[in-house]
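# Survey of secondary and tertiary structure
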Amino acid sequence: MFEILKNHIEKIISLTDSEFEFIASLFTAKSHKKGQFLFQEREYLSRHYFICKGLLKLVYTDSDTREHIVGFAMEDWWESDFEAFYLQQKTSMSLICLEDTDVLYITYENYKRLCSSLPKIEHFFLEKAYFGFIAAQKRILSTLTSDTKERYLQLIERYPALAQRVPKSQLAAYLGVSRETLSRFSY
């Protein structure tokens, strides 16, 4: 799993062997089964996850106990309740495995230690944050300006592997439509 992380980081910054050894020493590997939570709503969160294998969904449950899918995460992606992680407060969302999943996680304390000890890793995390913001903006704009069919087509164009792995009912929930509506667009 650590080799996957190294390759992922080196897409943005170069690392010496000793730098990566230090990075790896601050991460912990963990495996989860399909249906398991990595964290649940209203827990304190001190972990930021890198997905090595598997598929997860980040969900928000409203006051009527309706589940809203905020996002999905698969191999080579990072996921967390970022507000809870960075502000060290209770989560407002839950992270659930849709498949058996292997992750590497870094605690908040180790994240801070890593960034202060190896400044170029801050550049790496900043680049990842930029791409995350861009994706979030695209999703918001798509929701505001596109009809359901266009949003579905944009999703499968941007993330073809994701669209193949996520059950249609989950994709429909993510897009905010019924399973029946989504079925009309699936071909």
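Everything below is about the structure printed above this text.
First, a word on what this report is: a plain description of the structure on this page. Since this is a predicted model, take the numbers as computed values, not measurements.

One pass over the structure, following the stated rule, counts 15 aromatic pairs. Aromatic side chains Phe-85 and Tyr-86 sit 4.9 Å apart centroid to centroid with 85 degrees between the ring planes, which places their arrangement in the edge-to-face category. The buried category is assigned to Phe-85, whose relative accessible area is 0%. On the basis of relative accessible area, Tyr-86 is assigned to the partly exposed category, the value being 34%. Following the ring pairs from residue to residue traces out a cluster consisting of Phe-27, Phe-50, Trp-78, Phe-82, Phe-85, Tyr-86, Tyr-108, Tyr-111, Phe-124 and Phe-125. Sitting over the face of the ring of Tyr-105, Arg-47 holds its NZ or CZ atom 3.9 Å from the ring centroid.

Within the largest apolar cluster, 37 residues are counted, with the highest numbers of intra-cluster contacts made by Leu-5, Ile-23, Leu-114 and Ile-121. With residues near it in sequence (within four places) discarded, Leu-114 still touches Phe-22, Ile-23, Leu-26, Phe-27, Ile-106, Ile-121 and Phe-125. Within the second largest apolar cluster, 19 residues are counted, among which are Met-74, Tyr-152, Val-177 and Leu-182.

Here is what the cut-offs are and how they apply
- Residues numbered from 1 in each chain as written.
- Predicted model: local features only at pLDDT ≥ 70, side-chain atom pairs only at ≥ 80, totals over all residues.
- Heavy atoms only, no water.
- Phe/Tyr/Trp six-rings, centres within 6.5 Å; stacked < 30°, edge-to-face > 60°.
- Buried < 20%, exposed > 50% of the residue type's maximum accessible area, 1.4 Å probe, protein only.
- Lys NZ or Arg CZ within 6 Å of the ring centre and 35° of its normal.
- Core = buried A, V, L, I, M, F, W, Y, C linked by side-chain atoms within 4.5 Å.
- Contact = heavy atoms within 4.5 Å.

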